[in-house]
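# Geometric and topological summary
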Amino acid sequence: MSVSVDLQPRKLPEPSAALELIKPITWFPPMWAYACGVVASGASVTDHWGPLVLGVLLAGPIVCGMSQAANDWCDRHVDAINEPNRPIPSGRVPGRWGLWIALAMSALALLVGLTLGPWGLGATVVAVLAAWAYSAEPVRLKKSGWWGPGLVGLSYESLPWFTGTAVMVTGAPSWPIVIVAILYGIGAHGIMTLNDFKALEGDRQMGVNSLPVTLGPERAAKLACVVMLIPQLAVIALLFHWGLGNRALVVTGLVVLQLWAMREMLADPKGKAPWYNGTGVLFYVTGMMVTAFALRGIGGV
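Residues numbered from 1 in each chain as written. Predicted model: local features only at pLDDT ≥ 70, side-chain atom pairs only at ≥ 80, totals over all residues. Heavy atoms only, no water.

## Re the overall build of the protein chain
Formally: Per the convention used, a helix needs a DSSP run of H or I reaching at least four residues, while a strand needs a run of E reaching at least two, with both numbered from the N terminus. Both definitions apply: the radius of gyration is a C-alpha atom measure, and the globule rule equals 2.2 Å times residues to the power 0.38. Remark: exposure states derive from per-residue accessible area (1.4 Å probe, protein chains only) relative to the maximum for the residue type, with buried under 20%, exposed over 50%, and partly exposed in between. Pairs of residues are marked as contacts when any of their non-hydrogen atoms sit within 4.5 Å. In short, Shrake-Rupley with a 1.4 Å probe defines the accessible areas, and a residue's cover is counted only from the protein chains shown. The sign given to each residue is positive for Lys and Arg and negative for Asp and Glu; His and the chain ends receive no count. For the purpose of locating charges, the reference atoms are NZ of Lys, CZ of Arg, CG of Asp and CD of Glu.
What the protein chain contains, in helices and strands, is 13 helices and 0 strands. When its helices and strands are written in sequence order, the protein chain yields α-α-α-α-α-α-α-α-α-α-α-α-α. Taken over C-alpha atoms, the radius of gyration comes to 20 Å for the protein chain, in line with the 19 Å a tight globule of 301 residues would show. When its C-alpha atoms are laid out on the principal axes, the protein chain stretches across 80 × 45 × 40 Å. A total of 301 residues make up the protein chain; the buried ones form 51% of that total. Once local pairs closer than 6 in sequence are excluded, the contacts in the protein chain between residues at least 24 apart make up 75%. Carbon and sulfur atoms provide 69% of the accessible area of the protein chain, an area that totals close to 14100 Å². Side-chain charges in the protein chain split into 19 positive and 16 negative, and the spacing between the mean points of these groups amounts to 2 Å.

Have a look at this one:
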C-alpha cells in the first residue's frame, strides 16, 4: 500500500479561508452603529433604502472586512504564535493573497463610498486610512494600548454613526448626534481592550503594548470597565438634559446590567473577558440603539 502526499504549496486561497480572513463576526459593530445613525437621523427608511443598504454593506462586509484582512496580513507573525490555524499562517491563504485581498477591498470601499455622496466618500476615506494606520508599519497604532483601541472604537462606533446620519440627511449631523456618537466610540475603547486579552501572550512576545500586556489583566480589565462606563453616564446625563428622561432611564437600566456583568468578569478577567464581550457588550450596543431612537428627529443641523 502506498500513500501519496501532496507537498505542493497552495497557490490560491481556500474560499472558506478567504471568508474567515475578513471575519464576518466582526462586522456587526460598525453595521449596528451605521443603523443607529440612520435611526437618529429621523429620515424615512422607505424613502432612503438605497443609502441604508449600501451603507450597511460598506460599514460591515467591505470596510470592516478589509480592515480585518489588513490586520491579519500585518499580524501574520503574531498570529503564528497566538493562532497558527488562522488563514495566513496556516497557509490556507498563501503568499501575498492576504495583502491583495486587503488592497482590493480598500479600492472597493472607496468606489462604494463614492455612491453615497461627499459625506459617505469622506467617511470612507477616513475609515480606510484608519484601518491601515492601525495595522501597518511604520504607524501601526495597534502597538499602543491607548491609541490602538481608541482608533478602533471611534472607527467602529463613532464614524459609522456619524456617516449613517450624514448620508440620510445629506448634510452634517446635529451636535447632539456628533457628541453621542463620539461618546459611544470612546466607550468602545474599553471593549477593544477586553478584546486584546485573547492575544495576550503573542502581543507580549512581539512587542505589542496592549493594556493587558502593560498593565496586567486585572488592572487592564478594571480600566476597561471605567472607560466603558463614564461615556455612558455622560450620555444618560445628556438625555436628561435634553428632556428625554424616559429613554435615559432605559439606558440607565442597561448600564446596571453591565455593572453586574463587569462584576462577574472582574473575578477572572483573563478567563471571562470573552464571556463579557458576549454579554455586557450586548447591553452596551442596546443602549446605543435606545439613544438613537431618543435622538430621532434632530439628526440634521
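## Regarding unusual backbone geometry
Omega for the bond connecting Glu 137 with Pro 138 falls within 30 degrees of zero, at 5°, which places this linkage in the cis form. A positive phi angle is found at Lys 23, which is not glycine, with a value near 45°. Examined against the element boundaries, Lys 23 turns out to sit in the loop between helix H1 (15–21) and helix H2 (28–41). With phi around 50°, Thr 170 is a residue other than glycine that occupies positive phi space. Following the sequence through the fold, Thr 170 ends up in the loop between helix H7 (147–169) and helix H8 (175–195).

## Some thoughts on the nonpolar core
What counts here: The definition of a nonpolar core used throughout is a set of buried Ala, Val, Leu, Ile, Met, Phe, Trp, Tyr and Cys residues joined through side-chain atoms within 4.5 Å.
Counting 43 residues, the largest nonpolar core has Trp 161, Tyr 184, Leu 194, Tyr 276 and Met 288 as its most contacted members. Looking at this core, the elements with two or more residues in it are H2, H8, helix H11 (217–241), helix H12 (245–266) and helix H13 (269–294). Counting residues per element, this core draws most heavily on H13, at 11 residues. Excluding anything up to four places from it in sequence, Tyr 276 contacts Leu 194, Met 228, Gln 258, Ala 261, Met 262, Met 265 and Val 281.

## Description of the packing of aromatic side chains
For clarity, the cut-off: Pairing of aromatic side chains requires ring centres within 6.5 Å, counting the rings of Phe and Tyr and the six-membered ring of Trp. Pairs whose planes differ by under 30 degrees are stacked, by over 60 edge-to-face, and all others tilted.
Using the criterion set out here, one finds 5 aromatic pairs in the structure. Ring geometry for Phe 28 and Trp 32: centres 5.3 Å apart, planes at 35°, overall tilted. Linking Phe 28 with Trp 32, this pair stays in helix H2, spanning 4 residues, or about one helical turn. When the centroid spacing of 5.9 Å and the interplanar angle of 15° are considered together, the rings of Trp 161 and Tyr 184 count as stacked. With Trp 161 in helix H7 and Tyr 184 in helix H8, the pair connects residues that are 23 residues apart, well separated along the chain.

## Quick look at the environment of Val 45
Looking at the element boundaries, Val 45 is found in the loop between H2 and helix H3 (49–74). Residue Val 45 is classed as partly exposed on the basis of its relative accessible area, which comes to 36%. Taking the C-alpha atoms as reference, Val 45 lies 8.7 Å from Met 168; in sequence the two are 123 residues apart. Beyond its immediate sequence surroundings of up to four residues, Val 45 is in contact with Val 38 and Leu 52.

## Quick notes on the side chain of Asp 75
Checked against the element boundaries, Asp 75 lands in the loop between H3 and helix H4 (76–82). When neighbours within four sequence positions are excluded, Asp 75 is seen to be in contact with Arg 140 and Lys 142.

## A few points about the side chain of Gln 68
Selection rule: For this analysis, a polar contact is any N or O atom pair within 3.5 Å, provided that within protein one partner can donate a hydrogen and the other can accept it, and provided that sequence-adjacent residues contribute only side-chain to side-chain pairs.
Tracing the chain through its elements places Gln 68 in helix H3. A polar contact is formed between the side chain of Gln 68 and the side chain of Tyr 156, at a distance of 2.7 Å. Setting aside residues up to four positions removed in sequence, Gln 68 forms contacts with Leu 21, Ile 22, Lys 23, Thr 26 and Tyr 156.

## Topic: empty space enclosed by the protein
In plain terms, the rule: Two kinds of site are reported from a 1 Å grid over the protein atoms alone, namely cavities, where a 1.4 Å probe fits but cannot get out, and pockets, open sets with protein on both sides within 12 Å along at least five of seven lines, and residues are called lining when an atom falls within 4 Å of a point. Grid points are joined across faces, edges and corners, and a volume is the space filled by probe spheres set on the points. Just so you know the grouping, Ala, Val, Leu, Ile, Met, Phe, Trp, Tyr, Cys and Pro go in nonpolar, Asp, Glu, Lys and Arg go in charged, and all remaining residues, Gly too, go in polar.
A complete count under the given rule lists 1 cavity of 30 Å³ or more for this structure. One number sums up the size of the largest cavity: a volume of about 50 Å³. If you trace the largest cavity, you find it lined by Tyr 134, Lys 142, Ser 144, Gly 145, Gly 148, Pro 149, Asp 196, Asp 203, Val 208 and Ser 210. Among the residues forming the lining of the largest cavity, the class breakdown is 3 nonpolar, 4 polar and 3 charged.

## Observations regarding the confidence of the model for the protein chain
Stated precisely, the cut-off is as follows: Residue-level confidence of the predictor is summarised by pLDDT, bounded by 0 at the bottom and 100 at the top.
Across the protein chain, pLDDT averages 92, with 95% of residues at or above 70. A low-confidence stretch, residues 1–7 (pLDDT under 50), is modelled with 0 contacts involving residues beyond four sequence positions or located in other chains.

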